[in-house]
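Report on the structure
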Amino acid sequence: MLKFLKYLAKYWWQVVILFAGVCLQVWSSLQLPDMMSQIVNKGIIGADQTYIYREGGLMLLVTIAGGIGTLVAGFFAARVGAAVAAKIREDTFKKVISFSPNETNKFSTASLITRSTNDVNQVQQVTIMGLRMALQAPLMGVGAVVKAFTTAPDMAWIIALAVGSLLTVIITVMIFALPKFRFLQKLIDKLNSVTRENLTGIRVVRAFNNEKYEQKKFQKANDELTKTNLFVNRVMVVVFPIVQLILNVTTLLVIWVGASFVEKGAVEIGNLMAFMQYALQVMMAFMFLAMIFIMLPRAMVSWKRIDEVLTTKLSIRPPKKAKKPRSGEHGIVEFKGVSFSYPDADEPVLRDISFKAEPGQTVAFIGSTGSGKSTLINLIPRFYDVSSGQVLLDGVDVRDYASKDLTDKIGYVPQRGVLFSGSVESNVAYGMDDKDEKRITKAIDIAQAHEFVRKMDDGVKSKISQGGTNVSGGQKQRLSIARAIAKDPEIYIFDDSFSALDYRTDRNLRAALKKQTKNATVLIVGQRISTIKSADKIIVLDEGKVVGDGTHRELLESCRVYQEIARSQLSTAEYAAEVSHGE
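Quick notes on the rules
- For every chain, the first residue of the written sequence is number 1, and numbering continues from 1 onward in sequence order.
- For a predicted model such as this one, the threshold for reporting local features is a pLDDT of at least 70, and the threshold for listing and counting side-chain atom pairs is 80 or more; totals across whole chains, interfaces and linings nevertheless cover every residue.
- The side-chain figures draw on all heavy atoms in the structure; neither hydrogens nor water molecules are used.
- Helix and strand labels come from DSSP, where a helix needs a run of H or I of at least four residues and a strand needs a run of E of at least two; each type is numbered from the N terminus.
- Every radius of gyration here is taken over C-alpha atoms, with the globule rule written as 2.2 Å times N^0.38, N being the number of residues.
- Three exposure classes are used, based on accessible area relative to the maximum for each residue type with a 1.4 Å probe and protein chains only: buried under 20%, partly exposed in between, and exposed over 50%.
- By the convention used here, residues are in contact when the closest approach between their heavy atoms is within 4.5 Å.
- Buried Ala, Val, Leu, Ile, Met, Phe, Trp, Tyr and Cys residues that are joined via side-chain atoms within 4.5 Å together make up what is termed a nonpolar core.
- Directions drawn from the helix axis to the C-beta atoms are what define this arc.
- Nitrogen and oxygen atoms within 3.5 Å of one another constitute a polar contact, given that in protein one can donate a hydrogen and the other can accept it, and given that sequence-neighbouring residues count only through two side-chain atoms.
- What a helix should span is 1.5 Å times the count of its residues minus one.
- In this scheme, the bend at a residue equals the angle between the axes fitted to the seven residues that finish there and the seven that begin there.
- When DSSP finds two or more bridges between a pair of strands, those strands are recorded as paired.
- For every element, the axis is a line fit to its C-alpha atoms; helices are fit only across the contacting stretch, and the angle between N-to-C directions ranges from 0 to 180 degrees.
- Centres within 6.5 Å make a pair out of two Phe, Tyr or Trp rings, where for Trp the six-membered ring is used; the pair is then stacked when the planes are under 30 degrees apart, edge-to-face when over 60, and tilted otherwise.
- Scored from 0 to 100, pLDDT reflects the predictor's confidence in each residue.

Right, let's talk about the overall build of the protein chain for a bit. In terms of helices and strands, the protein chain carries 21 helices and 12 strands. Computed over its C-alpha atoms, the radius of gyration of the protein chain comes to 36 Å, more than 25% above the 25 Å expected for a compact globule of 583 residues. Viewed in the frame of its principal axes, the protein chain has a C-alpha envelope of about 125 × 50 × 45 Å. The buried share of the protein chain, taken over its 583 residues, is 46%. Considering only contacts in the protein chain between residues 6 or more positions apart, those separated by 24 or more positions represent 76%.

Glancing now at the nonpolar core. Counting residues in each nonpolar core, the largest one holds 70 residues, and the members touching the most others are Val84, Ile88, Met155, Val173, Met236, Val254 and Trp303. Broken down by secondary-structure element, the contributors of at least two residues to this core are helix 1 (2–9), helix 2 (12–44), helix 3 (49–97), helix 6 (118–151), helix 7 (156–200), helix 9 (211–264) and helix 10 (269–310). Here Met155 is in contact with Val254, Val257, Gly258, Phe261, Leu272 and Phe275, once residues within four sequence places are set aside. Ranked by size, the runner-up nonpolar core spans 47 residues in total, among them Ile444, Leu479, Ile481 and Tyr575.

All of the buried residues in helix 14 (residues 437–446) are Ile440, Ala443, Ile444 and Ile446. Seen along its axis, helix 14 keeps its buried residues to an arc of 165 degrees; they face one direction. Facing away from the buried side of helix 14 by more than 90 degrees, the exposed set consists of Glu437 and Lys438. In this structure, the buried residues of helix 14 make contact with helix 13 (424–428), helix 15 (450–455), helix 16 (473–487) and helix 17 (503–516). Positive phi shows up at Gln448, right after helix 14, with a value of about 60 degrees.

A word on the environment of Thr168. When you line up the elements, Thr168 lands in helix 7. Along the backbone, Thr168 and Phe275 are 107 residues apart, and their C-alpha atoms lie at a distance of 23 Å. At a separation of 2.9 Å, a polar atom in the side chain of Thr168 contacts the main-chain carbonyl oxygen of Gly164.

What follows is about helix 6. The first and last C-alpha atoms of helix 6 sit 47 Å apart over 34 residues, in line with the 50 Å expected at 1.5 Å per residue. The largest bend in helix 6 is about 35 degrees, located at Gly130.

For the rest of this paragraph, the subject is the pairing of strand 3 (residues 362–367). Across the six residues that make up strand 3, a large majority, six, are buried. A two-sided burial pattern is seen for strand 3, the buried positions comprising Thr362, Ala364 and Ile366 on one face and Val363, Phe365 and Gly367 on the other. By the bridge criterion, four bridges tie strand 3 to strand 10 (residues 521–525) in an arrangement that is parallel. Within the sheet, the bridge partner assigned to Val363 lies in strand 10 and is Leu523.

The next point concerns the sheet that holds strand 1 (residues 333–340). Pairing is antiparallel in the open sheet, where four strands are placed in the order 2-1-4-5. Each of the sheet's edge strands pairs with one partner strand only, and the pair in question is strand 2 (350–357) and strand 5 (396–397). The pairing of strand 4 (residues 388–393) with strand 5 spans two bridges and is antiparallel. In the sheet register, Leu393 faces strand 5, and the bridge partner there is Val396.

Right, let's talk about the sheet that holds strand 12 (residues 545–550) for a bit. Ordered in space as 6-9-10-3-11-12, the six strands form an open sheet in which the pairing is mixed. One side of each edge strand has no neighbouring strand; the edge strands of this open sheet are strand 6 (410–413) and strand 12. Ignoring strand direction, the axes of neighbouring strands in this sheet form an average angle of 15 degrees. Bridging between strand 3 and strand 11 (residues 537–542) involves five bridges; their strand directions are parallel.

This next bit is on the packing of aromatic side chains. For the structure on display, the rule yields 12 aromatic pairs. Ring geometry for Tyr342 and Tyr384: centres 5.3 Å apart, planes at 85 degrees, overall edge-to-face. Of this pair, Tyr342 sits in the loop between strand 1 and strand 2 while Tyr384 sits in the loop between helix 11 (373–378) and strand 4, and the two are 42 residues apart along the sequence. You can call Tyr342 partly exposed: its relative accessible area is 28%. Under the relative-accessibility criterion, Tyr384 is labelled buried at 11%. Centroid distance Phe355 to Phe365: 5.3 Å. Interplanar angle 65 degrees. Geometry classified as edge-to-face. Of this pair, Phe355 sits in strand 2 while Phe365 sits in strand 3; the two residues are 10 residues apart in sequence, bridging distant segments of the chain. Accessibility assignment for this pair places Phe355 and Phe365 in one class, buried.

Let us look at the pairing of strand 1. The pairing of strand 1 with strand 2 spans five bridges and is classified as antiparallel. What sits directly across from Glu334, in strand 2, is Lys356.

This part takes up the confidence of the model for the protein chain. On average, residues of the protein chain score 84 in pLDDT, and 98% of them are at 70 or above. The least confident element of the protein chain is helix 21 (residues 572–582), whose mean pLDDT is 70; the most confident is strand 1, at 93.

What follows deals with the side chain of Thr114. Tracing the backbone shows Thr114 in helix 5 (residues 109–116). Taking relative accessible area as the criterion, Thr114 reaches 1% and is therefore assigned buried. Discounting residues that sit within four places of it in the chain, Thr114 has contacts with Asp119, Ile188, Asp189, Asn192 and Arg305.

This is how it looks when you write it as structure tokens:
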């Protein structure tokens, strides 16, 4: 909560103006019943017409002042609430995009989306309500109690009885509703997760004709959320009639008890009417507090969930003092005794990996599924940090680089081609400091994407849908490769980035890429022998260990695992030809 108050403190001057507006509004509300009382006692009963007009005119001015105060309070409450929510949303997004896969997996993507949207909205609503009502209710409640006691002290017990009844209702609601509010946000996470999973895997769902099964999963999550929402809303629905009943009973009690005092001459009619108004104001103050207390539990749960994101310690932290690479060294990648384990994993994924890749070299990694190929190259851009050993770029541990200095050196193409909503041009230029059209066009040509880009309606200006859903898998992959080429980095990392390409496109792309990357270091994770056999060095992985290291020909002679991979991909005649060619 202290952190939330820090967000609020950034807009302190607007809160001060809001408070002034609330004070003006409350002052107006407290003056009107007293003025009305005097008009009744002195003007109407005392038959003083002049007094009625004079006091009525003052009442009009006080009412206008109260209206201005209400407008000011409402305007600045909405303004501050929106500004605070925007800042929280911005900070949450900044924190989320700094997460490594470890933190993302801890929360889940669906939960992070809910926390950045729905939870922030809950906090915003309570901020707007709270700034107005939390300031207004105590001032109006205390002021009305003092005024009521001054007006008719013998009837003050009625207000105490009404307030006690209201507090009982509020506490009861808190006891029943708070646990459900906590559960409600988790159910929203769950529903978002199911929805996201279905939309992401819609093709698989349809291919296996499992729409009904997925509908049942969604229905189950939806029913749980609906039942919890219904419970919470029913509690809210019951609260307001009870509060209204307490208000009406209080009014009736004031009239009934007050009538006997008027009859005895202990209280004037005007004072009785004023007391009734003050009693209602006290009740309204507690109603405002009741509304805040009803909304507050859910907002507190939401804020706690947001705060969990904001206070999460990053597993990939920037260095205290960043280092620069050695002068004259560009693009040298070296692994020294690297081992890596995923959090909570029983066994390490990589064990004692050591190799060196230099500019002008192409180093490829191959191995069976789960051998640790992708994990290995993901250590270079620091998607994960090593458990032991060192990953060095130009003689400096990657953990000692400033984030920008590290990423500036690397052009990374993931297994799945990732495109963003925008245009072909904006996607290819994503890693560039400036949109150089010649470099963009050249990158598209090298990536063998020019054919389909030119056929698109607007060429490089053509629209790309979110996630690249309006292009094929192969086209998406080629544009991802073009994005890395356009950056012109010192180190290229291709994580099985040619898998969706046909052999002709693959061959042409690698030939064009070789010219472009002749002075750069190229690291390729491959599944196909044909993709990696021309590499200067091939590193064979098996169960996280290096079991082979050499050229294609050398490994065909000396590495059993590489031989098995070659036999599985090549016909007997092709394999024999490869072996005899090596001899």
